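Tertiary structure, described
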Amino acid sequence: MSQSEIDHLIQLLSKLPGLGPRSARRATLYLISRRESLLTPLSAAMQSAADNVKVCGQCGNLDVTDPCDICRNVKRDQSLLCVVEDVSDLWALERSEAFRGRYHVLGGTLSALDGIGPDELNMEPLIRRVGEGGITEVILALNATVDGQTTSHYLSDRLSEYGVQITRLAHGVPVGGELDYLDDGTLSAALKSRRTMG
């Protein structure tokens, strides 16, 4: 491996989330020192992913099949549709094993500052899916940010004509959270979302 190849690998790795130039150098040295057990299999796995992973035409998930395994699973509740910003949010919900319906990935949120409007997101396919019928509840599982809230309100307005129940994730105190460590916005949301005991 020439120095230019090593530098190129460091540059590529430094573009990954959470890795800066120093971390990328350490990762590169680690991979090269374990060429047979890690670098070669990683290279093959990355090439296989590049060749085979597709975006699901129904929900926007990533899988090797289209439609994805979640969309093809007939045991999932067809009447529940959970709207998320990104595939990483879908995967997080799937890890929790708390949701057994279908998903729709928007690909981001509305953002006037970044010039992202409804046409830049996967919104029209969502409107069509709901309009086709069979969905009774749309869960807006968007991040509790200004852009996430703006997107939720926009979608709520657009979907209101279809007679589906529109809900959002609860916001507030996390499990195991201590009030003294929470920010004002989280405490405010928790108070507004309070419910009866029992």
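See the structure shown above.
To keep things clear, this report deals only with the structure shown in the data block. Bear in mind that the values here come from a model prediction, so they are computed numbers and not experimental data.

**Concerning the side chain of histidine 104**
Along the chain, histidine 104 falls in strand β4 (residues 102-105). Of note is the side chain of histidine 104, whose polar atom sits 3.2 Å from the side chain of arginine 129. If we skip the residues at most four places from it in the chain, histidine 104 touches Gln58, Cys59, Leu81, Cys82, Val83, Val84, Asn122, Pro125, Leu126 and Arg129.

**Focus on unusual backbone geometry**
Here the amide bond leading from aspartate 66 into proline 67 is cis, since omega sits at 5 degrees, within 30 degrees of zero. Along the chain, the position of proline 67 falls in the loop between β2 (62-63) and α4 (69-72). One non-glycine residue with positive phi stands out, namely glutamate 97, at about 55 degrees. Structurally, glutamate 97 can be placed in the loop between α5 (87-96) and β4. A relative accessible area of 68% places glutamate 97 in the exposed class.

**Here we look at the nonpolar core**
Counting residues in each nonpolar core, the largest one holds 16 residues, and the members touching the most others are Val83, Leu106, Met123, Leu126, Val130, Val138 and Leu155. Elements with a contribution of two residues or more to this core: β3 (80-84), α6 (124-131), β5 (137-140) and α7 (146-159). Broken down by element, this core gets its largest block of residues, three residues, from α6. With near-sequence residues (within four places) excluded, valine 130 lies in contact with Leu81, Ile135, Val138, Leu159, Tyr162 and Val164. Counting 15 residues, the second largest nonpolar core, distinct from the first, contains Cys56, Cys68, Cys82 and Ile139.

**Describing the pairing of strand β6 (residues 165-168)**
Relative to β6, β5 is paired through four bridges, and the arrangement is parallel. Across the sheet, the residue bridging to glutamate 137 is glutamine 165, located in β6.

**Points about the sheet that holds β5**
Read across the open sheet, the four strands follow the order β4-β3-β5-β6; overall the sheet is parallel. Sheet topology places β4 and β6 at the edges, where each strand pairs with a single neighbour. Taking the axes of each pair of neighbouring strands and ignoring which way they run, one obtains an average angle of 25 degrees across the sheet. With respect to the sheet, α5 is in contact with β3 and β4, its orientation differing from that of β4 by roughly 160 degrees.

**Comments concerning the pattern of salt bridges**
All chains considered together, the criterion is met by three salt bridges. A salt bridge links arginine 158 to glutamate 124; its shortest N-O distance comes to 3.1 Å. On the criterion of sequence distance, the pair formed by arginine 158 in helix α7 and glutamate 124 in helix α6 is long-range, its members being 34 residues apart.

Reading guide: rules and limits
- Residues numbered from 1 in each chain as written.
- Predicted model: local features only at pLDDT ≥ 70, side-chain atom pairs only at ≥ 80, totals over all residues.
- Heavy atoms only, no water.
- Helix = DSSP H or I, 4+ residues; strand = E, 2+ residues; numbered from the N terminus.
- Polar contact = N/O pair within 3.5 Å; in protein donor to acceptor, adjacent residues only side chain to side chain.
- Contact = heavy atoms within 4.5 Å.
- Buried < 20%, exposed > 50% of the residue type's maximum accessible area, 1.4 Å probe, protein only.
- Core = buried A, V, L, I, M, F, W, Y, C linked by side-chain atoms within 4.5 Å.
- Pairing = 2+ DSSP bridges.
- Axes fitted to C-alpha atoms, helices over the stretch in contact; angles between N-to-C directions.
- Salt bridge = Lys/Arg side-chain N within 4 Å of Asp/Glu carboxyl O.

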